[in-house]
Structures are given as structure tokens and as C-alpha cells.
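# Structure assessment
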Amino acid sequence: LSRSKFKNYNNIVFLDHDVTQKVKSDLKYGFVLSIGVIEHFQDEILQKVIHNHCSFVERGGYLILSYPTPTIIYKSMRKILEISNNWLFFDEVPLLYNDISQFIPNNFTIIKRQTLWFNLLTQELLILKKNVS
């Protein structure tokens, strides 16, 4: 979907990579965006996925993570979708900040943390900046 939407932008790079596997690239980017990915993993695999995302960020660059968080709005909307057989994300696990903050490397600083209430399946947004030193 993103490839078709942003096909006319020359400065956007899309990577085909299994986020559960060790990164085999030295490529670094000033801006890495991850939406709808990390909530499909748990425990050690979640830790590896977050680490792999961070490994693509150059020093001074940014990582934006967005993931569902279990607010009452999220839980209610999801229950309605499940009861009506319209829930598509069978392996999605809504995350709390504490579920992922333990896996953020020490060389990253959290610039912003915000709950995105406009989406009925409430998301939390983290903006991380990789330290220069």
C-alpha cells in the first residue's frame, strides 16, 4: 500500500526484511517509520524486532513507532469487531509503554510519547532520537 501511495517520491526507501531476523545491512537512515508491526510479536522476539528497527537509524536520526494500546476505547471497539466476525488481526497484542520501553536501547532518547485517540483502535506513538555520541 505504501509503495503504491508514495511511488513518485524518490527519497523514500522501502525495505523488504524479516524484522525477526538479524539485520544484514549497514544501511542507516535519518528517519525510520514503523506502524502496525511490533504489536504482532512478544517477549524475546519483540525485543529483537525493536532492536532491528533501531539498527536502521543513523546517529541523530529518528524512529517513530506506533502500536495499539489497550484503552477502554480499543478494547470496546475490538470486542465489537470480534463479535461481528470483522476482526482481522488475529495475532495483534495491544501493548503498553512498559511492554516496549524495556527494549529501547540506551543510545535512544524518547522525544515524544502520545496516545492517539482519534483512531477507535487507539494507538500509542513514540518518537525516539538516536544519540549522536
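Residue positions are given per chain, counting from 1 as you read along its sequence in written order. The predicted origin of the model limits local features to residues at a pLDDT of at least 70 and limits the giving and counting of side-chain atom pairs to 80 or more, whereas totals for whole chains, interfaces and linings rest on all residues. As a rule here, side-chain values come from all non-hydrogen atoms in the structure, and water together with hydrogens is ignored.

## Focus: the side chain of Ser66
Quick note on the threshold: Counting from the N terminus, the helices are DSSP H or I runs at least four residues long and the strands are E runs at least two residues long. Relative accessibility thresholds used throughout: buried, under 20% of the residue-type maximum; exposed, over 50%; partly exposed, between the two (1.4 Å probe, protein chains only). N or O atoms closer than or at 3.5 Å make up a polar contact, with two conditions inside protein: a donor-capable atom paired with an acceptor-capable one, and, for residues adjacent in sequence, both atoms drawn from side chains. Any pair of residues with heavy atoms lying within 4.5 Å of one another is described as a contacting pair.
Among the structural elements, Ser66 can be located in strand E2 (residues 57–68). Judged by relative accessible area, Ser66 falls into the buried class, the value being 6%. Within the structure, the side chain of Ser66 is placed 3.0 Å from the side chain of Gln123, a separation counted as a polar contact. Every residue in contact with Ser66, bar those within four places of it in the chain, is listed here: Ser34, Ile35, Gly36, Glu39, Leu116, Gln123, Glu124 and Leu125.

## A look at the pattern of salt bridges
Once the charged atoms of two side chains with opposite charge are near each other, the side chains can pair. For the record, the criterion: When a carboxyl oxygen of Asp or Glu is within 4 Å of a side-chain nitrogen of Lys or Arg, the pair counts as a salt bridge.
Inspection of the entire model under this criterion finds two salt bridges. A salt bridge links Arg78 to Glu82, with the nearest nitrogen and oxygen atoms 2.9 Å apart. Linking Arg78 with Glu82, this pair stays in helix H3 (residues 72–83), spanning four residues, or about one helical turn. By relative accessible area, which is 14% here, Arg78 ends up buried. Salt-bridge contacts for Arg113 lead to Glu124; the nearest nitrogen and oxygen are separated by 3.2 Å. Within this pair, whereas Arg113 is found in strand E3 (residues 108–116), its partner Glu124 is found in strand E4 (residues 123–130), the two being separated by 11 residues in sequence. When its relative accessible area of 5% is taken as the criterion, Glu124 is described as buried.

## Regarding the environment of Gly60
Relative to the helices and strands, Gly60 resides in strand E2. Assessed through its relative accessible area of 23%, Gly60 is described here as partly exposed. Along the backbone, Gly60 and Lys130 are 70 residues apart, and their C-alpha atoms lie at a distance of 5.1 Å. Beyond its immediate chain neighbours, meaning those up to four positions away, Gly60 contacts Lys129, Lys130, Asn131 and Val132.

## Section: the sheet that holds E3
Quick note on the threshold: Here the rule is simple: two strands pair whenever DSSP picks up at least two bridges between them. Angles shown run from 0 to 180 degrees and are taken between the N-to-C directions of axes, each axis being a line fitted to C-alpha atoms and, for helices, limited to the stretch in contact.
The sheet built from four strands is open, its strands ordered E1-E2-E4-E3 with mixed pairing. Lying at the two open borders of the sheet, with one neighbouring strand each, are strand E1 (29–35) and E3. Each strand of the sheet is rotated relative to its neighbour by a mean of 10 degrees, with strand direction disregarded. Taken together, the six bridges between E1 and E2 define a ladder with parallel strand orientation. Across the sheet, the residue bridging to Tyr29 is Val57, located in E2. Packing against the sheet, helix H2 (residues 43–55) makes contact with E1, E2, E3 and E4, and its axis sits at approximately 140 degrees to E2.

## Comments concerning the nonpolar core
Basically, it comes down to this: We call a set of buried residues a nonpolar core when its members are Ala, Val, Leu, Ile, Met, Phe, Trp, Tyr or Cys and they connect through side-chain atoms within 4.5 Å of each other.
Of all hydrophobic cores here, the largest spans 22 residues; its most connected members are Ile38, Leu46, Leu63 and Ile100. Of all elements in the fold, only E1, H2, E2, helix H4 (97–101) and E4 reach the threshold of two or more residues within this core.

## Overview of the confidence of the model for the chain
Here is the rule we go by: Per residue, pLDDT measures the predictor's confidence, with a range of 0 to 100.
On average, residues of the chain carry a pLDDT of 91, and 100% of them reach 70 or more. Here helix H1 (residues 2–5) stands out as the least confident element of the chain, with mean pLDDT 82; E4 is the most confident, with 97.

## Some details on the packing of aromatic side chains
Keep this limit in mind: Between the rings of Phe, Tyr and Trp (Trp by its six-membered ring), a pair exists once the centres lie within 6.5 Å; its type follows the angle of the planes, with under 30 degrees stacked, over 60 edge-to-face, and the other angles tilted. Note on geometry: a ring has a charge over it if NZ (lysine) or CZ (arginine) is within 6 Å of the ring centre and within 35 degrees of the ring normal.
Under the counting rule described, the total for this entry stands at four aromatic pairs. Note on Tyr29 and Phe56: the rings are 6.4 Å apart at their centroids and 45 degrees apart in plane angle, and the pair reads as tilted. Taken as a pair, Tyr29 in strand E1 and Phe56 in the loop between H2 and E2 lie far apart in primary sequence, 27 residues in all. Side by side, Tyr29 and Phe56 carry an identical accessibility label, which is buried. Ring centres 6.4 Å apart and planes at 90 degrees place the aromatic pair Tyr74 and Trp87 in the edge-to-face group. Taken as a pair, Tyr74 in helix H3 and Trp87 in the loop between H3 and H4 lie far apart in primary sequence, 13 residues in all. Like Tyr74, the residue Trp87 is buried in the burial classification. Above the ring of Tyr97, the side-chain terminus of Arg113 is found at 4.0 Å from the ring centroid.

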